[in-house]
Structure formats: structure tokens, C-alpha cells
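# Notes for the structure review
Spelled out from the first residue to the last, the chains are:
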Amino acid sequence: MRALSMLAAMTLALMACGKDKPDPEPQPPVSDADEGDWEDTGPFATCGVDAASNACGSLGSFDITGCTPGQLASLDPDGVYTIHVRARTPRYGNTYAFSSQSMRLADSGDQYAGGLPLDTRQVHAGGVVFASGSFTSGTTSRRRSFIGCQSPAPNRLQGCYVDCINGRLESEGTFDAWKVTPRDGEPVSSGLELMSETAVSAGLAADVYVTKGHAYVVSLYGGLFVYDVSDPAHPRLTRNIRRTNDNYWNGVWAKDDALYIASDSRGVIVFDISTPGEPLEVRAMGTSRTNVHTVFVEGNRLFAASPAPTGEVLVYDISQPLDPQLTGTFQATGFTAATSYGPHDMFAFEGRLYVNFWRAGYVIASLQDDAAPRQLGAYRYEHSNSHASAVARYGERLIAFEGGEDWGAHLRVLDVTDAANPKRIGEYRLRQHVSIHNMVLSGTKLYVAWYHEGVRVLDVSTPESPREVAHYNTFRPDDPMRGESFYDGAIGMRVPGDGFVYAVDTSRGLLILRETP
């Protein structure tokens, strides 16, 4: 079931080893124009799809006469790939849309193609690589197939793609796939030491909150896992809470004796953690249609990002932490659920609410009236997938660190002093085929969960020029479920100020890292 539920996302990566930390990643100059995370440069390959003449998704449904298989002679196809797909869906017209997917090819073990279990893999016509995955649920059968017909660079594969539902063409186009390999010369870790690694026994670890000597880990399809971390080297599981018809828990936060969990089917679920190792459910704030993706607490306010049913931020008064009261909602100006997908994360600071509204951009609102936050401005860029941020004051300036979640997503540094006119003043990039995810700002350090790139720690004392000072590579390609989703690797993190970094990895679970000189 997990393969089907993760169709919207897929990816790959590998771990690094070595002794010395390499030179810092070269950063491009910041221009006045923000061209987005990636640019549409046209089809990735010259092959094509003919689903009318042959079974949709079969090897015969691809036209590979334009391929250059000789380029594939030196490519070892085995590995985990992240994939950028450029495809059109005929029922929606001829406009091309992009998605980020993944693939895992291996001699043994689990393999995936576009997030679906791989059932066909072969090398054909002088080296052309064909991979096809399928999944059936009830009366619906889905197949995604890739044919790689050229390799313009080592560890890179380009070709054609088709997505079929019940044997009919759903979408077709071309793809660009990169095998995620160790970064040249980079050791597994620098400035961060692994104290413990605790596998989350069910589902996919997504977020963590640390308080009262316990780490509360939420897992997609696995529920809530509670760990006593009084000894960081030996976390101890005290409770696992799961609900049969409510099992997509993606975000978690706490205030005093209350724990708030973001549920995609019951809104915000409130637990009493007065006994930290044994949470007790108090209530759920939502209906069977309320999807809450993440939560954020600032003072006596709880903010809940609710992509569905209406795509808005829910604002609660939590002066009584176990009894939140809804005081208002906020939605971005011009937001439409069909194109924007709703809010994903929030950050509240000095009377403002900063909301990552996915394709609607990074939106700033006033919190002077709790009942009705008022939009002040927004920062938007091409192919926006605004996902997470952190904000701090630097003298007279308010600086926001913003990141998306897509192919090419990276860190942007914005001067948001004038909320109506945010300006990009800096950025920090790693590899284009690996996406940034969440971040935590603590003092002058920005801790970033960067999926396949692991945990990255940036010195942002000079915000225009972030500088990496530590890292820990969490991604290992042979771990279970690797390559099933583009959203793979370091995904969530907390830095409570006790000298440890608590990170969750989609496969490895809870990792407790100690900061070292």
C-alpha cells in the first residue's frame, strides 16, 4: 500500500566516505532576477512513446530510433536515481508538467520505477535500459515505465517515460535521471557525531519533537513513537500509538503538557503528556475531511497548515494548551486549490506569520488580529514549491531563510524587513537533483534536513553568505525502501539546545547526533 500512496513523490542517493572535508560547494552569484529552482529547456531525449500501437508501458510502446545507446556502454545502471520527468497528460491538453520521481535498480532486493514495485528490467538494443513498475489496488492498475537511451554524463540517464492507468495512457514524456553518489572527497560526517540510531519499526519516519526528556516521532502509516532519550546513546521506546483509520501523521509540536500531531484525516490531535512516556489522547480538532500537514507553536498560538479541504492556515488560541480554541484562518491572496495545493509550513515571529504556500509562494501576514491574519506581501519565483522557512532579526533587518521541496530546491536568503517587497540577498545550493526539506534556526546556525544530502549545518552569522560548518550523511542506498520516493533521506529535525541534534531519516528512523568542535 505504501508504494501507491507515495505516487506523488520519488527519489535516490548514496553515502560518502573519506578523511578530509572537501572545499565548500561553489555558490553562483545572486542576481536580481530569481529564475526558480530549475528551467524548462525542452525534451530531455529524442525518443518517443506510441501507446496506441502496443500495450501501454511495454517495451514496444517506445520509439528508440533516436537513441544513442553507445553512450550507455560505461554506465553501471544499478543504483538509486532521482528523476525529473517532463510529461504531458492528454486529457489536460498538451501543456507539459514536471514531477520529481525516483528509481532503484539493483541485482537483488527491492527495486522501484517511478515509486512502483519494479516487475520488468532489461537491457535492450545495444545497452538501452528498460525499467517498468506496476501496482494494482481494487479495479485500478497503474504502470510506469522508463526507457533510458542516452547517458550525457557519468551516473546520468536520459530517456522516455510513460504512465498508464488500466492500460490507457495517462501521461507521457521524457526524463532526466541522476544516480546519487557520494560527494567527491566528502566524509560521512564532519562536526556531528552519531550517538545512536533507532529504527522506527513501522511506516516512514517524518518528524520529531523533543521535550520532557522524550523524543516524539511521527511516522506516516506508523503512528506516534515515544522514546525516552535521557540517555542519548540508548533511546528507549516507551509507547507506540496507532489508529486504524487515521495513520498519516506528518508533523508534531508540544507546549507544556500538550502534544499536537498533524493528521491528514482528523486535523490536529491533542495528547496529554503530563506523563511524558505515556501520552493520552484528549481530542481531535477537525472532521473526517480536515487534512493538517504540519503544526507550529509560537507563544499562546498554534498554527496548523491545512491543505484540504480549503487550503488555509488554522489559528488556535492555546492559552489552555490542552483545550485549543480556533480563533481564525488565513489563506493567501489569489490562492486556488487547483493550482497551489495549500500551505505546507509556517513560522511566526515578531507579530508576523510566514507561510510556505507551495506554488502560491512564500507569503507574509500580520498577526496583529489573531482572528484574521492579513496578508502583507509575498515572494514568488518560477516553479515555486515553497515548503519551509525560519526568520530572525539581524539588527534593523528581518531575514528569512526559505526553501522549497522539488527538483533543484535550495536555500534562499530573503530580506523581509519590508514585507510588501521581499528581496533575495543570498542563497546556498547543493546538488540540483537532491531537494532541501526542513530547517531549524538556532542562534547563528541553520540546521537543514536536506533529504539525500543528510543533515547540513550552516553558519548564517553573515546571512548573505551561508557557510557550511558541519554535516552528517544519513543516506545509505542499501537501506530498506531507498529509491521508492523522491522524498527520501533526512526529513525532520529538532535542536533543543542540549548539545544534540535529533534528526529523522525516512529509512533509518531516529538519529541522535552530538555536535563536536
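Conventions used here
Residues numbered from 1 in each chain as written. Predicted model: local features only at pLDDT ≥ 70, side-chain atom pairs only at ≥ 80, totals over all residues. Heavy atoms only, no water. Helix = DSSP H or I, 4+ residues; strand = E, 2+ residues; numbered from the N terminus. Rg over C-alpha atoms; globule rule 2.2 N^0.38 Å. Buried < 20%, exposed > 50% of the residue type's maximum accessible area, 1.4 Å probe, protein only. Contact = heavy atoms within 4.5 Å. Areas by Shrake-Rupley, 256 points an atom, 1.4 Å probe, with all protein chains shown as cover. Lys, Arg positive; Asp, Glu negative; His and termini not counted. Charge placed at Lys NZ, Arg CZ, Asp CG, Glu CD. Pairing = 2+ DSSP bridges. Axes fitted to C-alpha atoms, helices over the stretch in contact; angles between N-to-C directions. Disulfide = S-S within 2.5 Å.

### Remarks on the overall build of the protein
If you tally the helices and strands in the protein, you get 2 helices and 39 strands. Against the 2.2 N^0.38 benchmark of 24 Å for 517 residues, the protein shows a C-alpha radius of gyration of 23 Å, consistent with a compact globule. Viewed in the frame of its principal axes, the protein has a C-alpha envelope of about 65 × 50 × 50 Å. Burial status across the protein gives 59% buried among its 517 residues. Contacts in the protein between residues at least 24 apart in sequence constitute 55% of all its contacts with a sequence separation of at least 6. Carbon together with sulfur atoms contributes 48% to the accessible area of the protein, which is approximately 19,800 Å² in total. Taking the average location of the 44 positive side-chain charges in the protein and that of its 61 negative ones, the two points are 2 Å from each other.

### Structural notes on the sheet that holds strand 26 (residues 352-356)
In spatial order, the strands read 25-26-27-28; together these 4 strands make up an open sheet with antiparallel pairing. Among the strands making up the open sheet, the edge pair consists of strand 25 (345-349) and strand 28 (374-379). Geometrically, the sheet is characterised by an average inter-axis angle of 20° between neighbouring strands, direction not taken into account. Here 5 bridges tie strand 25 to strand 26, and the two strands are oriented antiparallel to one another. Within strand 26, the position partnered with Phe349 by the bridge is Arg352.

### Quick look at the sheet that holds strand 30 (residues 397-404)
Judged by pairing direction, the sheet is antiparallel, and its 4 strands sit side by side in the order 29-30-31-32 without closing on themselves. In the strand order of this sheet, the two ends are held by strand 29 (386-394) and strand 32 (423-428), each with one partner. When strand polarity is set aside, the average angle formed by the axes of neighbouring strands in this sheet is 25°. Of the strand pairs in this sheet, strand 31 (residues 411-415) and strand 32 are connected by 5 bridges, and their pairing is antiparallel. What sits directly across from Leu411, in strand 32, is Tyr428.

### Side note on the state of the cysteines
By definition, a disulfide links two cysteine residues through a covalent bond between their sulfur atoms. Within the structure shown, the criterion is met by 2 disulfides. The disulfide partner of Cys47 is Cys160, and the gap between their sulfur atoms is 2.2 Å. With the S-S dihedral at roughly 110°, the linkage between Cys47 and Cys160 falls on the right-handed side. Of this pair, Cys47 sits in the loop between helix 1 (2-5) and strand 1 (48-49) while Cys160 sits in strand 9 (residues 156-165), placing them 113 residues apart in sequence. Side by side, Cys47 and Cys160 carry an identical accessibility label, which is buried. Between the sulfur atoms of Cys56 and its disulfide mate Cys164 the distance is 2.0 Å.

### Considering the pairing of strand 22 (residues 301-306)
Along strand 22, 6 of the 6 residues are buried, which leaves the element largely enclosed by surrounding structure. Of the two faces of strand 22, both are covered, the one formed by Arg301, Phe303 and Ala305 as well as the one formed by Leu302, Ala304 and Ser306. Two elements, strand 21 (residues 294-298) and strand 22, share 5 bridges in a ladder whose sense is antiparallel. What sits directly across from Val295, in strand 22, is Ala304. In this antiparallel pair of consecutive strands, strand 21 and strand 22, the connection spans 2 residues, and Gly299 shows a positive phi of 60°. With 6 bridges connecting them, strand 22 and strand 23 (residues 312-317) associate as antiparallel partners. What sits directly across from Ser306, in strand 23, is Glu312.

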